[in-house]
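Next come the chains, spelled out residue by residue.
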Amino acid sequence: MVGKGRRAYEDAGMILKATIFDIERNSFVDGPGIRTTVFFKGCNLKCAWCHNPESQDFKPQMMFYKDKCTGCGKCTEVCPTPKNCTLCGKCSFYCPIDARKVCGKEYTVDEVFDEIIKDKAFYENSSGGVTFSGGECMLQIDFLIEILKKCKENGIHTAVDTAGHIPFQSFEKILPYTDLFLYDIKMFDSQKHKKYTGVGNELILENLKKLFKSKAKIWIRIPIISDINDSVEEVQKIKDFLDENGKPEKIELLPYHAMGESKYASIGKETQRFAPPDNDMLNKLKAVF
């Protein structure tokens, strides 16, 4: 549904849908309290260290973990179209050791909400709620508006996790229904940002300024990757920017981890290898704030 407005769907008699690649319940890392995190597929950044590379493509895709496969042949036995995969999912359903997985499925607003509402009691008891993440959830903005509205109508705290490389008009559309923004700053140097993510950071920083002026509640998230952005000088520039433009409710430094590396091979992509910062350096960076 990327690029099509809600009105176009309604005029065509179509149901608004979004491509989601995971819905994670009982999350404690994507905002306050116990949360359900909804991961939208598709991203306009290509971060070299991305731990969810399956989130980058907008379309569903097959993930095949070769190291798990025992060669039992069950997948080829049940496949109805062996020469032309249609992502029907039969191979993954019958695989005895989960070596195959279809990543990405279309959901309606009601279908996503049905998953979110299951844990409303946990949200209320923990001051939690729902977080919309990705990929970049704001690239499917019409769907995001509708699911945010539905959550707010039902008293559920909402958070949007974004890299910020989106027209600010999209932020304006969801501001009335978003309780918290989890906002990524990868690094301050724009040339370096473009080298490692594919885009400069001018729009990202400008949008953040505007969000502060809009009095939005914001948590800043900074991924820390050894030898890339783990310097006091780099983090000091981010702090100076924040001091000048607004005060976030919280700043999170997120050390790089390698848990996503196996996913690259599963979708046929090569990956660069990075390292987490050592504890001493991480403590120095925390001290900047």
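Residues numbered from 1 in each chain as written. Predicted model: local features only at pLDDT ≥ 70, side-chain atom pairs only at ≥ 80, totals over all residues. Heavy atoms only, no water.

1. Some thoughts on the overall build of the chain
Thought 1: Broken down by element type, the chain carries 12 helices and 10 strands.
Thought 2: Taken over C-alpha atoms, the radius of gyration comes to 20 Å for the chain, in line with the 19 Å a tight globule of 289 residues would show.
Thought 3: By residue count, 48% of the 289 residues in the chain fall in the buried class.
Thought 4: For the chain, long-range pairs separated by at least 24 residues make up 71% of all intrachain contacts whose partners lie at least 6 apart in sequence.
Thought 5: As presented, the chain carries roughly 14,900 Å² of accessible surface, and 50% of it is formed by carbon and sulfur atoms. (Helix = DSSP H or I, 4+ residues; strand = E, 2+ residues; numbered from the N terminus. Rg over C-alpha atoms; globule rule 2.2 N^0.38 Å. Buried < 20%, exposed > 50% of the residue type's maximum accessible area, 1.4 Å probe, protein only. Contact = heavy atoms within 4.5 Å. Areas by Shrake-Rupley, 256 points an atom, 1.4 Å probe, with all protein chains shown as cover.)

2. Thoughts on the pattern of salt bridges
Thought 1: Applying the stated rule across the entire model yields 16 salt bridges.
Thought 2: Here Lys-150 makes a salt bridge to Asp-110, at a shortest N to O gap of 3.6 Å. Taken as a pair, Lys-150 in helix H6 (residues 141-153) and Asp-110 in helix H4 (residues 109-117) lie far apart in primary sequence, 40 residues in all.
Thought 3: Among the salt bridges present, the one from Lys-209 reaches Glu-206, with a minimum N-O distance of 3.9 Å. Pair noted here: Lys-209 and Glu-206 are both in helix H9 (residues 202-213), with a separation of three residues, about one helical turn. (Salt bridge = Lys/Arg side-chain N within 4 Å of Asp/Glu carboxyl O.)

3. Focus: the packing of aromatic side chains
Thought 1: Applying the stated criterion to the full structure yields 11 aromatic pairs.
Thought 2: Measuring from ring centre to ring centre gives 6.0 Å for Tyr-256 and Phe-274, while their planes differ by 70 degrees; the resulting arrangement is edge-to-face. Placement of the pair is Tyr-256 in the loop between strand E10 (250-255) and helix H11 (261-266) and Phe-274 in the loop between H11 and helix H12 (279-288), with a sequence separation of 18 residues. Judged on exposure class, the residue Tyr-256 and its partner Phe-274 are both buried.
Thought 3: One aromatic cluster is present, built from ring pairs that chain together Trp-49, Tyr-196, Tyr-256 and Phe-274.
Thought 4: The ring of Phe-113 has Lys-150 sitting right over it, with the charged end atom 5.3 Å from the ring centre. (Phe/Tyr/Trp six-rings, centres within 6.5 Å; stacked < 30°, edge-to-face > 60°. Lys NZ or Arg CZ within 6 Å of the ring centre and 35° of its normal.)

4. Details of the sheet that holds strand E6 (residues 129-133)
Thought 1: Strands sit in the order E5-E1-E2-E6-E7-E8-E9-E10 across an open sheet of eight strands; the sheet is mixed. Only two strands of the sheet have a single partner each, and these edge strands are strand E5 (105-108) and E10. When the angles between neighbouring strand axes are averaged without regard to direction, this sheet yields 30 degrees.
Thought 2: Set on the sheet, H4 makes contact with strand E1 (17-27), strand E2 (35-40), E5 and E6; between it and E5 the angle comes to about 85 degrees. (Pairing = 2+ DSSP bridges. Axes fitted to C-alpha atoms, helices over the stretch in contact; angles between N-to-C directions.)

5. Regarding the layout of surface pockets
Thought 1: Estimates place the volume of the largest pocket at around 980 Å³.
Thought 2: If you go around the largest pocket, you meet 36 residues; those closest to its centre are His-51, Asn-52, Gly-134, Asp-161 and Leu-254.
Thought 3: At the level of elements, E1, strand E7 (157-162), strand E9 (218-224) and E10 are the ones that each hand at least two residues to the lining of the largest pocket.
Thought 4: Grouping the amino acids of the lining of the largest pocket by side-chain chemistry returns 16 nonpolar, nine polar and 11 charged.
Thought 5: Each pocket or cavity is described by its volume, and for the second largest pocket that value is around 210 Å³. (1 Å grid on protein atoms, 1.4 Å probe; cavity = no way out; pocket = protein on both sides within 12 Å on 5 of 7 lines; lining within 4 Å. Points joined across faces, edges and corners; volume = space filled by probe spheres on them. Nonpolar A, V, L, I, M, F, W, Y, C, P; charged D, E, K, R; others polar.)

6. Structural notes on the side chain of Lys-263
Thought 1: Inspection of the secondary structure puts Lys-263 in helix H11.
Thought 2: By relative accessible area, Lys-263 is classed as buried at 18%.
Thought 3: A polar side-chain atom of Lys-263 sits 3.5 Å from the main-chain carbonyl oxygen of His-51.
Thought 4: Ignoring any residue separated from it by four or fewer positions in sequence, one finds Lys-263 in contact with His-51, Asn-52, Pro-53, Glu-54, Met-63 and Tyr-65. (Polar contact = N/O pair within 3.5 Å; in protein donor to acceptor, adjacent residues only side chain to side chain.)

7. Some thoughts on the nonpolar core
Thought 1: Core analysis: the biggest nonpolar cluster contains 51 residues, and Ile-116, Phe-132, Leu-144 and Ile-147 have the highest contact counts within it.
Thought 2: A total of seven residues in this core trace back to one element, the largest contributor, which is H6.
Thought 3: Leaving out residues up to four positions away in the same chain, Leu-144 has contacts with Phe-40, Phe-132, Cys-137, Met-138 and Ile-174.
Thought 4: In terms of nonpolar packing, the next biggest core, distinct from the first, is built from 15 residues, Cys-50, Ala-163, Ile-225 and Tyr-264 among them. (Core = buried A, V, L, I, M, F, W, Y, C linked by side-chain atoms within 4.5 Å.)

8. Concerning the packing of H9 against helix H10 (residues 232-245)
Thought 1: At a minimum axis distance of 10 Å, the contact between H9 and H10 shows a crossing angle of 35 degrees. Crossing hand, H9 versus H10: right-handed. The segment H9 lies against H10, with Leu-205, Leu-208, Lys-209 and Phe-212 engaging Phe-241, Leu-242 and Asn-245.
Thought 2: Classifying every residue of the contact of H9 with H10 gives five nonpolar, one polar and one charged. (Left-handed = near helix turned anticlockwise from the far one by under 90°.)

9. Looking at the state of the cysteines
Thought 1: Using the criterion set out here, one finds zero disulfides in the structure.
Thought 2: Here Cys-72 is not cross-linked by a disulfide; its sulfur's nearest cysteine counterpart is in Cys-95, at 6.1 Å.
Thought 3: In this structure Cys-95 comes out as buried when scored by relative accessible area, which is 15%. (Disulfide = S-S within 2.5 Å.)

Honestly, it's all geometry; don't read function into it.
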